[in-house]
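Coordinates in review
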Amino acid sequence: MKQLVVCLLLVAAVTAQKKKQSAWEMMGKHMETMKEKMDAGIDEMLDDSTDSGLPSEAQEFLLQLKESVCFGVEDKCESDMFFGCNCIQEFQNLGEKCSQIPCNVVNFLLNDFSDILRDFRDNVQSFEEAMELMTEQIYVPMMEAACECSDKLADATFNCIENYDAGVLDMIGRGTYEMIVGMLDLESMKKVMVAALAIHCNEVGEEACYQDFSNQMITWAKMVDKSMDGASKKDCTAYARVDKELAKYFKAMDTEDMSKVVKAQYEMSKKGVCTPAKCAKYQAKNYYSCCSVEGVDLAAEHELGENIGNILDNAMSLLSTLSEDVEENLVSREDLQTYLSTFDFETLCEGKKGLKEYKKKGKQCRKQRSEYEYGY
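For clarity, every value in this text was computed on a predicted model and none was experimentally measured. (Residues numbered from 1 in each chain as written. Predicted model: local features only at pLDDT ≥ 70, side-chain atom pairs only at ≥ 80, totals over all residues. Heavy atoms only, no water.)

1. What to know about the overall build of the chain
Secondary structure assignment for the chain yields 20 helices and two strands. Of all 376 residues assigned to the chain, the portion counted as buried reaches 41%. Within the chain, contacts between residues separated by at least 24 positions form 69% of all contacts whose residues are at least 6 apart in sequence. In the form shown here, the chain has an accessible surface area of approximately 22,100 Å², with 54% of it arising from carbon and sulfur atoms. Positive and negative charge centroids in the chain, built from 42 and 67 side chains respectively, lie 16 Å apart. (Helix = DSSP H or I, 4+ residues; strand = E, 2+ residues; numbered from the N terminus. Buried < 20%, exposed > 50% of the residue type's maximum accessible area, 1.4 Å probe, protein only. Contact = heavy atoms within 4.5 Å. Areas by Shrake-Rupley, 256 points an atom, 1.4 Å probe, with all protein chains shown as cover. Lys, Arg positive; Asp, Glu negative; His and termini not counted. Charge placed at Lys NZ, Arg CZ, Asp CG, Glu CD.)

Structure (structure tokens):
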């Protein structure tokens, strides 16, 4: 009888082990649930009775906003309800095409946004399809417009914020607005915007890096899809090999401790990017481009990490004054640097066999640098 009980327990244990889901399977089911909730939210948001497909209140506000942000470079402004004369003048100074960026954003929301939401709801069934939709319909067009104006766009944007004089301020109080803006680290925010434009608008061999990054995002999404679909841990075109690290990342998320979350994310990235060597070789060829190499260098030149840290410190300090429940050091500088280091594969993979593949690619890209336009 004792032997029978032991056998039954062993069978039960083996059966339970077989039924245990991998972290990637859990993520797949979680994403299915999230997609259902997002689809339901889109159903509630869309309104087929309006021209824009958006709720009538949203459409009405956007139409009013359009009257403020759509202007000619020669138009004279004496007063404006939403954008303000100072902002209009700042963007007029950008020239005929670049001055239309605010107008183009509002027209996008009025004319295209609901179609994108419908496309997501009806046709997107995978990470890859979601990333293709996001990059093709939002990211690439947005960066294409911004990069044509990148040399002065940050100045216009932050001069607009600092000198905002729209009529809507009479509703909340101009003094209140000036006090809030005065408490923000706008200088660091501006530097982050300049760095982001430099990284994404950089060109390698006549190709804009935002186009290259778009392809990278789609490649990453395809690898995630394959991982959730049960790819082999030996498959370099997926991330199934980081299943244990992904499980630890989920556990860290449950703790709500940002240091633990960042550390788990770092370990997951290190495993996925740096090992084994054959997978590092695949990623260096298909995923780690000269735009990636230069992006790391540009981030360092523009002190991106330092300025993001300034913004986070500023935000946490402000929030902690408003609520005692907010921890002032919720995200530390060390956590931020650890996270940003996951984008620098040559540093991330120190001590790992895959390092030589990224070092070789980095050397190749920097050697070619003099052959194309570089630097912002």
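2. A look at the confidence of the model for the chain
Any residue range with low pLDDT should be treated as having predicted coordinates unsuitable for detailed reading. Model confidence for the chain is summarised by a mean pLDDT of 90, while 91% of its residues fall at 70 or above. Taken as a whole, residues 1-18 scores under 50 in pLDDT and shows zero contacts with residues more than four places along the chain or in a different chain. (pLDDT = per-residue confidence, 0-100.)

3. Looking at the packing of aromatic side chains
Tallied over the entire structure, the rule returns 12 aromatic pairs. Look at F71 and F83: their rings are 6.2 Å apart centre to centre, the planes differ by 25°, and that puts the pair in the stacked class. Of this pair, F71 sits in the loop between α3 (56-69) and α4 (85-92) while F83 sits in the loop between α3 and α4; the two residues are 12 residues apart in sequence, bridging distant segments of the chain. The pair formed by F71 and F83 is uniform in burial state, with each residue classed as buried. For the ring pair F83 and F91, a centre distance of 5.7 Å and an interplane angle of 50° mean the geometry is tilted. Across this residue pair, the class does not change: F83 and F91 are buried. (Phe/Tyr/Trp six-rings, centres within 6.5 Å; stacked < 30°, edge-to-face > 60°.)

4. Digging into the nonpolar core
In terms of nonpolar packing, the biggest core is built from 78 residues, with W24, F83, F91 and Y358 touching the most fellow members. Examining the composition of this core, we find that eight residues originate from one element, helix α12 (residues 209-228), more than from any other. Setting aside its immediate chain neighbours within four residues, F83 contacts S68, V69, F71, I88, F91, P102, C160, Y164 and A166. Residues I42, I116, F120 and L133 belong to the second largest nonpolar core, which totals seven residues. (Core = buried A, V, L, I, M, F, W, Y, C linked by side-chain atoms within 4.5 Å.)

5. With respect to the packing of helix α17 (residues 304-322) against helix α18 (residues 333-340)
Packing of α17 against α18 brings their axes to within 10 Å, and their N-to-C directions diverge by 140°. The angle between the axes of α17 and α18 places the two elements in the oblique class. In this structure, the crossing between α17 and α18 has a hand that is right-handed. Residue-level inspection shows G305, E306, I308, G309, N310, L312 and D313 of α17 in contact with α18, the latter providing R333, L336, Q337 and L340. In terms of residue class, the contact of α17 with α18 is made up of four nonpolar, four polar and three charged. (Axes fitted to C-alpha atoms, helices over the stretch in contact; angles between N-to-C directions. Parallel < 35°, antiparallel > 145°, perpendicular 65-115°, else oblique. Left-handed = near helix turned anticlockwise from the far one by under 90°. Nonpolar A, V, L, I, M, F, W, Y, C, P; charged D, E, K, R; others polar.)

6. Focus: the state of the cysteines
Using the criterion set out here, one finds nine disulfides in the structure. Disulfide pairing is shown between C70 and C103; the S-S distance is 2.0 Å. Across the disulfide from C70 to C103, rotation about the S-S bond amounts to roughly 90°, and the bridge is consequently right-handed. Here the residue C70 occupies a position in the loop between α3 and α4, and C103 occupies one in helix α5 (residues 101-111), the gap between them amounting to 33 residues. Overall, C103 belongs to the buried group, its relative accessible area being 6%. (Disulfide = S-S within 2.5 Å.)

7. A word on the packing of α5 against helix α6 (residues 113-123)
Their axes nearest at 4 Å, the elements α5 and α6 cross at an angle of 50°. The orientation of α5 relative to α6 falls into the category oblique. Counted together, F108, L109 and N111 of α5 and F113, D115 and I116 of α6 form the full contact between these two elements. Here the residues of the contact of α5 with α6 sort into four nonpolar, one polar and one charged.

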